[in-house]
Amino acid sequence: MFNKYDVIVVGAGHAGCEAAAAAANMGSKVLLVTMNMQTIAQMSCNPAMGGIAKGQIVREIDALGGYSGIVSDNSALQFRMLNRSKGAAMWSPRTQNDRARFAEEWRLMLEQTPNVDFWQDNVSSLLIENNKVVGVVTGMGIAINAKAVIITSGTFLNGVIHIGEKQFGGGRTGEKASHGITEQLVALGFEAGRMKTGTPPRLDGRSLDYSKMEVQGGDENPSKFSFSDTKALTHQLPCHVTYTNPIVHDILRTGFDKSPMYQGRISGSGPRYCPSIEDKVTRFAERDRHQLFVEPEGWKTVEIYVNGFSSSLPEEVQQKALVNIPGFEHAKMFRPGYAIEYDYFPPTQLKLSLETKHIEGLYFAGQINGTTGYEEAACQGLMAGINAHLKIREQEPLVLDRSEAYIGVLIDDLVTKGTDEPYRMFTSRAEYRILLRQDNADTRLTPLGYKIGLASKERMMRVEEKVKHVDEIVAFIKNESIAPEEINPLLAERESSNINQKVKMFGILSRPNIDLALFKNNIERIENSLDVYNEEELEQAEILVKYEGYILKEKELVDKQFRLESLVLHGDFDYNRLTSLGAEAREKLNKVRPKTIGQAARISGITPSDISILMVYLGR
């Protein structure tokens, strides 16, 4: 029944789905093993994709040829571009999604991918020969051979669910945990740890009074994630905003003596940037209220997700607190919030390709590496799928640089620095974020995706056309002259100083309170010249003009950093030989095994003097 596969993907969450699709679309024969075929691509927590920095990742996945952007667009309820009031480097797309349709879209995409087979079963152990993975053994005792295995286990490895004083095994509510893999890997020399995450209660939307809440609608002219032909929304569902209050906080405190978090029943580290409501009440005791986002779960369901009220308190305490929130006075709960604790493997045990250092052909992606969030998991799955395929064909892995993609920043952070708490991506983590904008993900990454055989020729042609059009618009802006009588009345409306003679359009557009629409909507000849271009092309050209100086400066920084990245370190070098290095430096260099001087410089605890010693060793 089971022919030998090229790649077996263990787990069908966001990471597993992207891994299976990527390897299969590049030509590998893939088996996707999941414990439940009905929960493929399940949105375990909030029904949304994207957000600050995460939206850039979804666009990067799409640009390389992954599916998350397409699935998100096809299941969206609402689209918002966050941080529009800030600079273009901070703009981050986000969709509210129909939970059921999102999972359905992903399954349809995978079922339409010829090289993907499915098997519903648990994976209890790996088949290892001579420190190389050769397959898996399932819970039914079936041995299935493969040339590479990608583990994307999410929160299922020895998962334990906590609700107050109750605790029971599970990888997600209503689903059993997975056992066996952790124990085997630890016996093989891997280091494992525990992490914790949580989810809020789900409510019956029919029991809520939305008139007491603030409405949060989508963008007036919604965009989308994918650079392909997916459709932008023409109708959107609103979200709502409400707030906790001191009464709610006092009720929550009554349950602290039964809280698994405060009573020491949870040992794993929780997500710093997505704390539980009880954690917020404790850590920010000076605040009288905390914001809650009331998010619909789909077009045709009344189920509501209460974003910001993650909790593992007893269900009766959660209920008492909820009914004291404005609009929630008669709230009915579908199910309470809970915390879940699970195994992860510190990612310093990985190569930058996401292949493990201990076992050849074995890849980790997603929460097993200590990350949190659908988008962080999906991009790791994509890269693991790509690199598993490339390894099987004895080709060099695809490793994205920190200056090329947020995906590169994420993987470099994990592998080089490790993490002892759930890792979440932020724009502040990327030192070259002016280059890594959401609008140019396709021009940055689609050529790479096309080169490795993942992005289609159609996509590549689309990018080439976009680059050509953007260059034309930039040239037009830099060469077109504007007369005082044309622009001064418009400048007065924007409270911007007049011009006394003809100047290039570029000079005026560079002003912070002036945008391209001012010219396009009010000067007929400019409108006629630019009408042939679409909004995406016009927006990118405007960004390139307005931020030209900053972009050039950042490119110079990349060039300087590239010199360090070009200095290669030998993977098998014994740093204990360099006695001039401190003990901490030797220990961390031996553990991480950096590929380059640049990567070594980013290891926590490595000092500039350590780098100087390495440079002397290399004869530089």
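Residues numbered from 1 in each chain as written. Predicted model: local features only at pLDDT ≥ 70, side-chain atom pairs only at ≥ 80, totals over all residues. Heavy atoms only, no water.

Asker: Help me out: how do you make sense of unusual backbone geometry in this one?
Answerer: Its identity as a non-glycine residue notwithstanding, Ala53 has a phi of 70°, on the positive side. Turning to its location among the elements, Ala53 is positioned in the loop between β3 (48-50) and α2 (54-64). What makes Ala53 buried here is its relative accessible area of 0%. In this structure, Arg593 takes a positive phi of about 55° despite not being glycine. Checked against the element boundaries, Arg593 lands in the loop between α19 (583-592) and α20 (597-601). Judged by its relative accessible area of 28%, Arg593 falls in the partly exposed class. (Helix = DSSP H or I, 4+ residues; strand = E, 2+ residues; numbered from the N terminus. Buried < 20%, exposed > 50% of the residue type's maximum accessible area, 1.4 Å probe, protein only.)

Asker: Please explain the packing of α2 against helix α11 (residues 441-451) as it appears in this structure.
Answerer: For any two helices packed against each other, the geometry is given by the interaxial angle and the distance between the axes. At a minimum axis distance of 7 Å, the contact between α2 and α11 shows a crossing angle of 35°. Crossing angle aside, the handedness with which α2 passes α11 is right-handed. Residues Arg59, Glu60, Ala63 and Leu64 of α2 touch α11, and the partners they reach there are Ala441, Asp442, Arg444, Leu445, Thr446, Leu448 and Gly449. Of the residues that constitute the contact of α2 with α11, the class distribution is five nonpolar, two polar and four charged. (Axes fitted to C-alpha atoms, helices over the stretch in contact; angles between N-to-C directions. Left-handed = near helix turned anticlockwise from the far one by under 90°. Contact = heavy atoms within 4.5 Å. Nonpolar A, V, L, I, M, F, W, Y, C, P; charged D, E, K, R; others polar.)

Asker: In this structure, what is going on with the packing of helix α12 (residues 457-479) against helix α17 (residues 535-546)? I would like to understand it.
Answerer: Two elements in contact, α12 and α17, have axes whose closest approach is 9 Å; the angle formed by their N-to-C orientations is 50°. With respect to α17, the element α12 is oriented oblique. For the crossing formed where α12 meets α17, the hand is right-handed. Note on element contacts: α17 touches α12 through Glu536, Glu537, Leu538, Gln540, Ala541, Leu544 and Val545, opposite Lys466, His469, Val470, Ile473, Val474 and Ile477. (Parallel < 35°, antiparallel > 145°, perpendicular 65-115°, else oblique.)

Asker: Sorry if this is basic, but what is going on with the sheet that holds strand β5 (residues 92-97) here?
Answerer: Consider a sheet: its strands pair through backbone hydrogen bonds, and that pairing is either parallel or antiparallel. Judged by pairing direction, the sheet is antiparallel, and its three strands sit side by side in the order β3-β5-β4 without closing on themselves. Unpaired on one side and paired on the other, β3 and β4 (76-82) mark the two borders of the sheet. With direction set aside, neighbouring strand axes in the sheet form an average angle of 15°. Examined bridge by bridge, β4 and β5 share six bridges and lie antiparallel to one another. Each bridged residue has a counterpart across the sheet, and for Gln78 the counterpart in β5 is Gln96. (Pairing = 2+ DSSP bridges.)

Asker: Please explain the sheet that holds strand β15 (residues 239-243) as it appears in this structure.
Answerer: Spatially, six strands are ordered β14-β15-β16-β17-β13-β18 in an open sheet, and the strand pairing comes out antiparallel. Edge positions in the sheet fall to β14 (214-216) and β18 (333-335), since each of these pairs with one other strand and no more. Along the sheet, successive strands turn relative to each other by an average axial angle of 35°, direction set aside.

Asker: Help me understand the nonpolar core in this model?
Answerer: Nonpolar side chains tend toward joint burial in soluble globular proteins. One finds Ile8, Leu362, Ile386 and Ile407 to be the most contacted residues of the largest nonpolar core, which totals 94 residues. No other element matches the 11 residues that helix α9 (residues 374-392) contributes to this core. Each residue touching Leu362, except ones within four places of it in the same chain, is listed here: Leu126, Val133, Val149, Ile151, Leu185, Phe190, Leu354, Glu355 and Thr356. Of all hydrophobic cores here, the second largest spans 24 residues; its members include Val470, Ile514, Leu516 and Val545. (Core = buried A, V, L, I, M, F, W, Y, C linked by side-chain atoms within 4.5 Å.)

Worth remembering: the numbers are spatial, not functional.
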